[in-house]
Amino acid sequence: MMKKVLLAGESWMSYTTHVKGFDSFYTSVYESGEKWLVAALKEGGYEVDFLPNHIAAEQFPFTVEELNAYDCVILSDIGANTLLLPAVTFTKSKKMPNRAAAIRDYVMEGGALLMIGGYLTFSGVDAKGKWHDTPVQEVLPVEVLTVDDRMEHCEGVRPVTVKDHEALKGIRTEWPEVLGYNKTIARPEAFVAATVEGNPFIAFGTYGRGKSAVFTGDCAPHWAPPEFCEWEDYNHIWQGMVGWLTD
């Protein structure tokens with residue numbers, strides 16, 4: 001039976017002010033960056049449910065039982081507040097289940113979690129990702145910083161594989177350069193398979209009956225430039241990591 005993956009995040013809306021002399025006007029646009037990752041997983045035989053940020057805010061599962069419908073949960077460029085502040089809590093002070101705790105318990109009971117880097121995962125821009133002080137931190141193989149953790153490299157920086165891991169056995173060529181990543185600290189139990197500037201790039205861990213992994217770079221622009229997204233081994237990364245997590 002086809003394995004199911006839940007991908008949350010990877011979307012944004014932009015509102016732009018255009019000033020032309022005396023006059024001004026506004027434009028807005030909705031964009032998402034899931035297509036490369038979703039295509040890789042579907043090629044690997046996975047069924048993917050995608051919840052963009054504004055949908056995940058209300059429709060991301062609230063309970064372990066709901067999460068158990070999935071073999072793996074992927075959080076990519078989605079801040080903790082999106083899951084910790086459902087509308088009824090923020091606007092009406094109604095108590096709701098803690099979805100970060102549900103993710104932790106899902107992993108401890110045998111589920112799989114993958115966190116992918118971005119401006120709102122790990123710590124992120126201005127530390128607004130805020131994953132450190134949530135139960136999810138308990139089931140990540142890296143320590144999330146409490147300050148802005150973005151390492152911006154407009155000149156490009158190259159990840160390197162430092163330890164053999166079965167999840168990465170499909171990678172046959174040198175890593176392409178990336179334009180940035182989230183800086184984290186490996187926890188003692190972590191298996192760090194790839195680094196960038198000596199910091200964790202890909203790391204794995206086991207927690208309770210489940211598994212988790214982190215990819216501190218991006219799965220799409222802007223940190224993942226076209227040469228990364230179009231790299232011949234791009235699909236192998238995600239198929240290998242999710243394959244290990246769900247094995």
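Bear in mind the structure is a predicted one, so any value in this text is a computation, not a measurement. Note on numbering: residues in each chain are counted from 1, in written sequence order. With pLDDT at 70 or above as the cut-off, local features in this predicted model cover only qualifying residues; side-chain atom pairs require 80 or more to be listed or tallied, and sums for whole chains, interfaces and linings still use all residues. Only heavy atoms go into the side-chain values, all of them from the structure, while hydrogens and water stay out.

Some details on the pattern of salt bridges
Salt bridges are defined as contacts in which a side-chain nitrogen from Lys or Arg sits within 4 Å of a carboxyl oxygen from Asp or Glu. In this structure the tally under the stated criterion is 10 salt bridges. Between Asp105 and Arg104 there is a salt bridge; the shortest N-O distance is 3.0 Å. Exposed residues in this analysis have more than 50% of their type's maximum accessible area, buried residues have under 20%, and partly exposed residues fall in between, with area computed by a 1.4 Å probe over protein chains only. Exposure remark for Asp105: the relative accessible area of 26% places this residue in the partly exposed category. With its nearest N and O atoms 2.9 Å apart, the salt bridge here joins Arg150 to Asp148.

So, the sheet that holds strand 9 (residues 160-161)
The 8 strands lie next to each other as 4-1-5-6-14-13-12-9, forming an open sheet whose pairing is mixed. Lying at the two open borders of the sheet, with one neighbouring strand each, are strand 4 (47-51) and strand 9. A pair of strands is treated as paired once DSSP finds two or more bridges between them. Helical segments are the DSSP runs of H or I of at least four residues, strand segments are the runs of E of at least two, and each set is numbered from the N terminus. Both strand 12 (residues 191-196) and strand 13 (residues 199-207) contribute to a ladder of 5 bridges, which runs antiparallel. By the bridge assignment for strand 13, Phe191 is matched with Phe204. The strands touched by helix 8 (residues 234-246) are strand 1 (4-9), strand 5 (72-76), strand 6 (112-116), strand 13 and strand 14 (210-215); relative to strand 14, the strand with the most contacts, the crossing angle is about 160 degrees. Working rule for contacts: check all heavy atoms of both residues, and any pair within 4.5 Å makes them a contact. Only the stretch in contact is used when a helix axis is fitted, and all axes are lines through C-alpha atoms; the angle between N-to-C directions ranges over 0 to 180 degrees.

Topic: unusual backbone geometry
A cis geometry characterises the amide bond from Pro221 onward to His222, with omega recorded as 25 degrees. With respect to the element layout, His222 can be found in the loop between strand 14 and helix 7 (226-229). Residue Ala127 is not a glycine yet carries a positive backbone phi of 60 degrees. Structurally, Ala127 can be placed in the loop between strand 6 and strand 7 (142-144). You will see that Glu197, though not glycine, has its phi angle at about 55 degrees, which is positive. Structurally, Glu197 is set in the loop between strand 12 and strand 13. On the accessibility criterion, Glu197 (43% relative accessible area) is partly exposed.

Some remarks on the environment of Arg158
Turning to its location among the elements, Arg158 is positioned in the loop between strand 8 (150-157) and strand 9. A relative accessible area of 33% places Arg158 in the partly exposed class. Residues Arg158 and Leu84, 74 residues apart in the sequence, show an inter-C-alpha distance of 34 Å. Once you skip the residues sitting within four places of it in the chain, Arg158 turns out to touch Glu174, Trp175, Pro176, Glu177 and Val196. Within the local environment of Arg158, its side chain forms a polar contact with the backbone oxygen of Trp175, the two atoms lying 2.5 Å apart. Polar contact criterion, stated in full: a pair of N or O atoms within 3.5 Å, where within protein one must be able to donate a hydrogen and the other to accept it, and residues adjacent in sequence count only if both atoms are side-chain atoms.

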